[in-house]
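Descriptive analysis of the structure
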Amino acid sequence: MPKPDSFQTVTDSRVLAAMSHPLRRRLLDALAVDGPSTVSMLAERTGQASGNVSHHVKVLHEASLVEEAPELARDRREHWWRLRAGGIRWSSTSFAEDQATIAVADAAASLNLEHQVGKVRAWQAQSETADREWVDAAFSTDYWLQLTPGELAEVSQQIIDLLNGWYLRKLPDDGAKREPVFVFARGIPAAP
């Protein structure tokens, strides 16, 4: 199992392209939420055919985003997969060497935003029928701050540290039912 507080820094546009495919992003999410899994488990969670999932897991493996977990296999035919790191980081400035890599980085950023916004839209579409406690607990907030690039980087690190603390915490043995919760934050220069 990767250390949950380990981060993989992506500097290869081929890795960005591999992780930006919508199904591969769902597979990465499933492994992040549910932990190591077999292809058949991932196929069941995503509603995809095992052969299709197997292909996409192979692409993720070739991009060094997932790795086999042989210690979980009951025999040589069974293959378990896990994330290589607890998180993935990348900066578009790492891909500025030529127009092709810039295009890949721009497309990856756009697809990542679509993925995040899609999660919010899916929640909103079903929130009327959701448990009232979840509706009351879900949140959205935004602020206009006056910052330098260095201060924005500091805000970013503080938010990452806060969320990482919740991610790394030991779950209490209190019998409470916990559900996966998707939290994302963005800070960008903008005009009203």
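Residues numbered from 1 in each chain as written. Predicted model: local features only at pLDDT ≥ 70, side-chain atom pairs only at ≥ 80, totals over all residues. Heavy atoms only, no water.

**Comments concerning the pattern of salt bridges**
The tally for this structure, following the rule as stated, stands at 12 salt bridges. For the salt bridge of glutamate 71 with arginine 82, the shortest nitrogen-to-oxygen distance reads 2.4 Å. Within this pair, whereas glutamate 71 is found in the loop between strand 3 (66-68) and strand 4 (80-83), its partner arginine 82 is found in strand 4, the two being separated by 11 residues in sequence. Taking the shortest distance from any N to any O, the salt bridge between glutamate 179 and lysine 177 comes out at 2.8 Å. Exposure remark for glutamate 179: the relative accessible area of 36% places this residue in the partly exposed category. One salt-bridge network, held together by shared partners, links Glu67, Glu71, Arg82 and Arg84. (Salt bridge = Lys/Arg side-chain N within 4 Å of Asp/Glu carboxyl O. Helix = DSSP H or I, 4+ residues; strand = E, 2+ residues; numbered from the N terminus. Buried < 20%, exposed > 50% of the residue type's maximum accessible area, 1.4 Å probe, protein only.)

**Considering the packing of aromatic side chains**
Scanning the model with the defined rule gives two aromatic pairs in all. Ring plane angle 70° and centroid distance 6.3 Å describe the contact between tryptophan 90 and phenylalanine 95, whose orientation is recorded as edge-to-face. With a relative accessible area of 25%, tryptophan 90 lands in the partly exposed category. Relative to phenylalanine 184, the ring of phenylalanine 182 lies with its centre 5.6 Å away and its plane at 40°, an arrangement referred to as tilted. (Phe/Tyr/Trp six-rings, centres within 6.5 Å; stacked < 30°, edge-to-face > 60°.)

**Quick word on the sheet that holds strand 4**
Across a sheet, strands are paired by hydrogen bonds formed along the backbone, either parallel or antiparallel in direction. Ordered in space as 2-4-3, the three strands form an open sheet in which the pairing is antiparallel. With partners counted over all chains shown, the strands left at the sheet margins are strand 2 (37-38) and strand 3, one partner each. Where strand 3 lies against strand 4, three bridges are found, and the strand directions are antiparallel. Paired with glutamate 68 across the bridge in strand 4 is tryptophan 81. (Pairing = 2+ DSSP bridges.)

**Details of the nonpolar core**
Core analysis: the biggest nonpolar cluster contains 25 residues, and Val57 and Val66 have the highest contact counts within it. Those elements giving two or more residues to this core turn out to be helix 1 (13-20), helix 2 (22-34), helix 3 (39-46), helix 4 (50-62), strand 4 and helix 5 (99-126). The residues contacting valine 57, other than those within four sequence positions of it, are Leu27, Val39, Leu42, Val66 and Trp81. (Core = buried A, V, L, I, M, F, W, Y, C linked by side-chain atoms within 4.5 Å. Contact = heavy atoms within 4.5 Å.)

**Remarks on the side chain of glutamine 8**
Counting through the fold element by element, glutamine 8 comes out in strand 1 (residues 7-9). Setting aside anything within four residues of it in sequence, one finds glutamine 8 in contact with Ala63, Ser64, Leu65, Arg84, Ala85, Gly87, Ile88 and Arg89.

**A closer look at the side chain of histidine 115**
Mapped onto the fold, histidine 115 is located in helix 5. A relative accessible area of 15% places histidine 115 in the buried class.

**What about a nonpolar patch on the surface?**
A surface patch of nonpolar side chains, amounting to about 810 Å² of accessible area, comprises Trp134, Phe139, Ile159, Leu162, Leu163, Trp166, Val181 and Val183. Broken down by element, the nonpolar patch gets its largest block of residues, four residues, from helix 7 (residues 149-168). With respect to the secondary-structure elements, phenylalanine 139 resides in the loop between helix 6 (132-137) and helix 7. Residue classification places phenylalanine 139 among the exposed positions, given a relative accessible area of 63%. (Patch = residues over 30% accessible without salt bridge, like charges linked within 9 Å, V, L, I, M, F, W, Y side chains within 5 Å. Areas by Shrake-Rupley, 256 points an atom, 1.4 Å probe, with all protein chains shown as cover.)

**A few points about helix 3**
Listed as buried for helix 3 are Val39, Leu42, Ala43 and Thr46. Seen along its axis, helix 3 keeps its buried residues to an arc of 105°; they face one direction. Where helix 3 is buried, its residues meet helix 2, strand 2, helix 4 and strand 4. Glycine 47, located one to two residues past helix 3, shows a positive phi value of around 70°. (Arc of directions from axis to C-beta.)

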